[in-house]
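# Commentary on secondary and tertiary structure
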Amino acid sequence: SNARIGLIGLGTMGAALALNIADNGFPIAVWNRTTATTQEFHAGAGDLAGMITPTETLEELVASIAKPRAIILMVPAGQAVDDQIAALRPLLDDDDLIIDAGNANFHDTNRRADAAGDLPFLGIGVSGGEEGARFGPSIMGGGKRAYWDRVSDVLNAIAAKHDDTACATWMGEGGAGHFVKAVHNGIEYADMQMIAEVYGIMRDGMDMAPAAIGETFAAWDDGPLKSYLVEISGKVAAATDPKTGKPMLEVIVDAAGQKGTGRWTVIEAQHLAAPIPAIEAAVVARNLSSQLETRQAGEALFGAAPHHLPHDTLTLGTLEQALMAGKILCYAQGFDMIVKASESFGWALPLPEIAKVWRAGCIIRSAMLDDMATALGEDTGRNLMFAPRFATLLQENHNALRQVVAQAALHGLPLPALSSGLAYFDTMRTGRGTANMIQGQRDFFGAHGFARVDGGSGHHGPWGS
Ligand code: 6PG
């Protein structure tokens, strides 16, 4: 009973996390539903095997951990988590801590934290894929602060480091950590979609070969767009299929999968009335991408769009600037949603700390997050697009975004996320919009009343009967 911590679920992420914990000097006991998996994992742990206690039953797992115990669950989100908690809790002491480190819906985490009552429970969002889990993920924690403090030494040790700061932060009670992870994933979707849209312009609008596209992303990764997603997009574009010798991108079907975290973010944003159109567009784009046959029928019926941009219509520099503007707008939306959720759920979500925890280890890590952390630290409630540094960047780059969206529209290249980013920007700088018409319509058909510019609310128009 000397393991510092236990871990249940030795799938890809669980196994990587367990090795990371052992590698950082914490003895760990592990258990998997299938004992063969546990044995294989232990046999493959190499030098770290001595730090790892493989166990065959939950009882044995529990008996292997030092008290008060802490056990990480790395099982698939959903019912499996509830089932695992139900099986484990009766074997534990009242002060033993269960930590759900899967991609839970934060509503489930709120519910589980409530159901746990005084029994210790944490829900932590872990980002960074397998590589991150093994060598340093970004960790977003939720639950009672005292429980976080009990394991923060382990979580800080295994987390990614930005300079010397560990990317592991307690966000608030209940599902706060999983909520922040959900917004992370929403931004992830939009960032990926915007990159894919720019790829489409290079491929279809500019006739660039995958290798040249790969080089372009690689070059951008040396500039202000420096980020993990731009970096890997360059590598994806440059890769060759070992089977056919063709560029990998040519052999991958254009129908994107999703496990649902982006969708949760969008649904929640609607409940909160938090506008995150670029993220919504990215989820919609994934849904549309799966309608492969319908799209092919559409191409047969309506004909393919012209696509090809006349020479010199857009430069790669313009594309880079457009992507920068789009990216800032997408982050601005994500952070704005966090502010709204914080108010609505009674959390005090630490915005600058969130930007900081995303600076290393996670999928959306990028150079821009440093400046975002600073900007959010100056004024937490302000939309990021109004922070001087980002306002300047938008002033410098929104015309590039406009050029790209306009040219793409003229040539039939769909840019759902970038164009919604532009519409968001233009909406946010329109002091007098067009909702007066909506209010007129609502009053006309439903006598809903409107506010007048010269004062007062609940007015009605002379629509007659
Ligand atoms: C991360 C990712 C990860 C996510 C997968 C799959 O931060 O490491 O967000 O947690 O679950 O990338 O996501 P989709 O299947 O929804 O694309």
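Residues numbered from 1 in each chain as written. Predicted model: local features only at pLDDT ≥ 70, side-chain atom pairs only at ≥ 80, totals over all residues.

## Overview of helix H19 (residues 416-428)
To keep things clear, this is the line we draw: Only runs of H or I of at least four residues qualify as helices and only runs of E of at least two qualify as strands under DSSP, and these elements are numbered from the N terminus. One less than the residue count of a helix, multiplied by 1.5 Å, gives the span that helix is expected to have. Partly exposed residues are those whose C-beta has more than 12 but fewer than 20 other C-beta atoms within 10 Å; with 20 or more the residue is buried, with 12 or fewer it is exposed, and the C-beta atoms are placed from the backbone. It is the C-beta atoms, placed from the backbone, that decide contacts: two residues are in contact if theirs lie within 7 Å.
With 13 residues, H19 ought to run about 18 Å at 1.5 Å a step, and its terminal C-alpha atoms sit 18 Å apart, in line with that. Buried within H19 we find Pro416, Ala417, Leu418, Ser419, Ser420, Gly421, Leu422, Tyr424 and Phe425. Residues of H19 that are buried sit in contact with helix H8 (176-205), helix H13 (277-289), helix H15 (316-345) and helix H18 (388-410).

## Regarding the UniProt feature "domain: 6-phosphogluconate dehydrogenase C-terminal" (unreviewed entry) in the protein
Where we set the bar: UniProt positions are given in the numbering used here, feature names are shortened, and annotations may be inferred rather than shown by experiment.
With numbering aligned to this structure, UniProt lists the feature "domain: 6-phosphogluconate dehydrogenase C-terminal" (unreviewed entry) at residues 177-464. Taken end to end, residues 177-464 has its terminal C-alpha atoms 54 Å apart, with 65% of it in helix and 0% in strand.

## Observations concerning the domain arrangement of the protein
Applicable threshold: Residue ranges for the domains originate in an automatic or database domain assignment. Amino acid classes used here: Ala, Val, Leu, Ile, Met, Phe, Trp, Tyr, Cys and Pro are nonpolar; Asp, Glu, Lys and Arg are charged; the rest, including Gly, are polar.
Partitioning the protein into structural domains gives domain 1 (5-174) and domain 2 (182-428). Every contact between the two is made by 22 residues of domain 1 and, on the other side, 18 residues of domain 2. Taken together, the elements giving at least two residues each to the side of domain 1 that touches domain 2 come down to strand E6 (121-127), helix H6 (129-135), strand E7 (138-143), strand E8 (161-162) and strand E10 (168-172). A per-element tally of the side of domain 1 that touches domain 2 places E10 first, with 3 residues. Looking at side-chain class alone, the side of domain 1 that touches domain 2 contains 7 nonpolar, 13 polar and 2 charged residues.

## Here's the deal with the pairing of strand E4 (residues 70-73)
To be explicit about the condition: In this description, strands pair whenever DSSP reports at least two bridges between them.
Side chains Ala70 and Ile72 of E4 all project onto a buried face; the interleaved residues Ile71 and Leu73 project onto the opposite face, where all are buried too. Sheet topology note: the E4/strand E5 (residues 97-100) ladder contains 4 bridges and is parallel. If you follow isoleucine 72 over to E5, its bridge partner there is isoleucine 99.

## Re the nonpolar core
Where we set the bar: Any nonpolar core is a set of buried residues, restricted to Ala, Val, Leu, Ile, Met, Phe, Trp, Tyr and Cys, that join up through C-beta atoms within 7 Å.
Ala18 and Ile99 are the most contacted members of the largest nonpolar core, which totals 140 residues. Element by element, the count of residues in this core is highest for H8, at 15 residues. Mapped onto the domain boundaries, this core takes at least three residues apiece from domain 1 (5-174) and domain 2 (182-428). Residues contacting isoleucine 99, with those up to four places away along its chain left out, are Ala70, Ile71, Ile72, Leu73, Leu122, Ile124 and Val151.

## Focus: the environment of arginine 134
Structurally, arginine 134 is set in helix H6. Residue arginine 134 is classed as partly exposed on the basis of its C-beta count, with 19 C-beta atoms lying within 10 Å. Here the alpha-carbon distance between arginine 134 and alanine 160, two residues 26 residues apart in the chain, equals 9.9 Å. Setting aside its immediate chain neighbours within four residues, arginine 134 contacts Ala16, Leu19 and Asn20.

## Describing unusual backbone geometry
Negative phi values dominate among residues other than glycine, just as trans dominates among peptide bonds. The omega angle of the peptide bond from lysine 67 to proline 68 is -10°, so this bond is cis rather than trans. The topology assignment puts proline 68 in the loop between helix H3 (58-63) and E4. Located in the positive-phi region is aspartate 207, a residue other than glycine, with phi close to 55°. The topology assignment puts aspartate 207 in the loop between H8 and helix H9 (210-220). Take aspartate 207: there are 12 C-beta atoms within 10 Å of it, and that puts it in the exposed class.

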